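Residue-level structural notes
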Amino acid sequence: MKSMLLLFLLVFASCSNKVLTENRMQNFNGVDFLQTGSNESATIQLNMPQYTIDSMLFINQATLELEFDYPNADIYYSINDGLALKCLSKITTNSSCTIDFYSKATGFLPSETQSLTLIKVQNDISEANISVSHPPNDRYTSDGTKSLIDLKKGGINFRDGNYWLGFQSQDLIITLDLEKAIPMEILTLSLLKDHGAWIFLPQEITVTDGDSIVGNKKIIASNTEQQAALEFIDIKIEARVYQRLAINIKSMAAIPSWHVGVGTPPWLFIDEIIVE
């Protein structure tokens, strides 16, 4: 009887220790626990750092602040695929660039790398007249069409804030009428890709000046679900002076067969237009 009681207590203590370990793991701040088999062989990966940025679109400079709240963890970053440096203070840039960053600590797998593209805007077109061929969905109207040229960038969570215009139709024409003619050679659309929310990139973007096509870009459709991402799509246009342009955005007719929403019209989300 005593031996059975001792065996029971040992098993109970072992189970209690596993539960305590699981709870402690779940309560650690700043880490994800990717299980591979039993708890004893768990692989631990750090979360990505949190970031704050004054603006992803800027005229003079942008400041990025990275944070990661875990003991003895460091943040590393690189600019335009350069050397990875330890982050010791805020990162300031006065030119367009892509910044990659991740967290790292002894005894853990490094976090996944996150990328941010920051764009220095050469032309402020916030006073232009802008119109769309049909209104966005009532749920995703932002502050109207003017929000497409206000230099306020939306995030991956399109429900956070009021930045994105959302459309669910195959074709959209955006007409841009500037206050005065300016030289241009690149037109950039800021779009959202979020397959989990049925938001897809368009198939083709065509830019016209009157009856003349001055730029065109085809976008290769993905054949598998991809992570949500902010996308800047550059369309090269004939280098000359423009005052009025039309942007024809053609979405796919229906969500492809590999997706759970097959056959449904996809969403198009856009928040900014930039000209250079």
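Everything numeric here is computed off the predicted structure, so don't read it as measured data.

Rules behind the numbers
Residues numbered from 1 in each chain as written. Predicted model: local features only at pLDDT ≥ 70, side-chain atom pairs only at ≥ 80, totals over all residues. Heavy atoms only, no water. Salt bridge = Lys/Arg side-chain N within 4 Å of Asp/Glu carboxyl O. Helix = DSSP H or I, 4+ residues; strand = E, 2+ residues; numbered from the N terminus. Buried < 20%, exposed > 50% of the residue type's maximum accessible area, 1.4 Å probe, protein only. Contact = heavy atoms within 4.5 Å. Polar contact = N/O pair within 3.5 Å; in protein donor to acceptor, adjacent residues only side chain to side chain. Pairing = 2+ DSSP bridges. Core = buried A, V, L, I, M, F, W, Y, C linked by side-chain atoms within 4.5 Å.

Counting across every chain of the model gives eight salt bridges. Linking E204 and K218 is a salt bridge whose minimum nitrogen-to-oxygen distance equals 3.4 Å. Of this pair, E204 sits in strand β14 (residues 204-209) while K218 sits in strand β15 (residues 212-218); the two residues are 14 residues apart in sequence, bridging distant segments of the chain. E238 is paired through a salt bridge with R240; the nearest N and O atoms lie 3.5 Å apart. Taking relative accessible area as the criterion, R240 reaches 33% and is therefore assigned partly exposed. Through salt bridges with shared partners, a single ionic network connects D209, E238 and R240.

Here we come to unusual backbone geometry. Positive phi is not limited to glycine here, since N80 has a value of about 55°. With respect to the helices and strands, the residue N80 is situated in the loop between β6 (74-79) and β7 (85-86). In the Ramachandran plot, D81 falls in the positive-phi region, its phi being about 65° despite a non-glycine side chain. Counting through the fold element by element, D81 comes out in the loop between β6 and β7. The class of D81 is exposed, set by a relative accessible area of 69%.

Let us look at the environment of P110. Inspection of the secondary structure puts P110 in the loop between β9 (97-104) and β10 (114-120). Residue P110 is classed as partly exposed on the basis of its relative accessible area, which comes to 36%. Aside from chain neighbours lying at most four places away, what touches P110 is Q45, Y102 and S103.

With that settled, consider the side chain of S103. Within the element layout of this structure, S103 appears in strand β9. Of note is the side chain of S103, whose polar atom sits 2.5 Å from the backbone oxygen of N47. If we skip the residues at most four places from it in the chain, S103 touches L46, N47, M48, P49, F68, D74, I75, P110 and S111.

Within the secondary structure, D74 sits in strand β6. Taking relative accessible area as the criterion, D74 reaches 28% and is therefore assigned partly exposed. A sequence separation of 14 residues divides D74 from L88, and the C-alpha atoms of the two residues are 8.9 Å apart. Discounting residues that sit within four places of it in the chain, D74 has contacts with K86, Y102, S103 and K104.

As a further point, take the sheet that holds β9. With mixed pairing, five strands are arranged side by side in an open sheet as β4-β10-β9-β6-β7. Only two strands of the sheet have a single neighbouring strand rather than two, namely β4 (57-58) and β7. Here five bridges tie β9 to β10, and the two strands are oriented antiparallel to one another. Paired with C97 across the strands is L118, a residue of β10.

To continue, consider the nonpolar core. One finds I174, L176, L189, I270 and I273 to be the most contacted residues of the largest nonpolar core, which totals 32 residues. Looking at this core, the elements that each hand over two or more residues are β12 (165-167), β13 (171-193), β14, β16 (229-250) and β17 (268-275). The dominant element in this core, judged by the number of residues it contributes, is β13, at nine residues. Residues within four places of I273 in sequence aside, it is in contact with I125, I130, L148, I149, I174, L176, L187, T188, L189 and I247. In this structure, L46, A73, I75 and Y77 belong to the second largest nonpolar core, which totals 26 residues.

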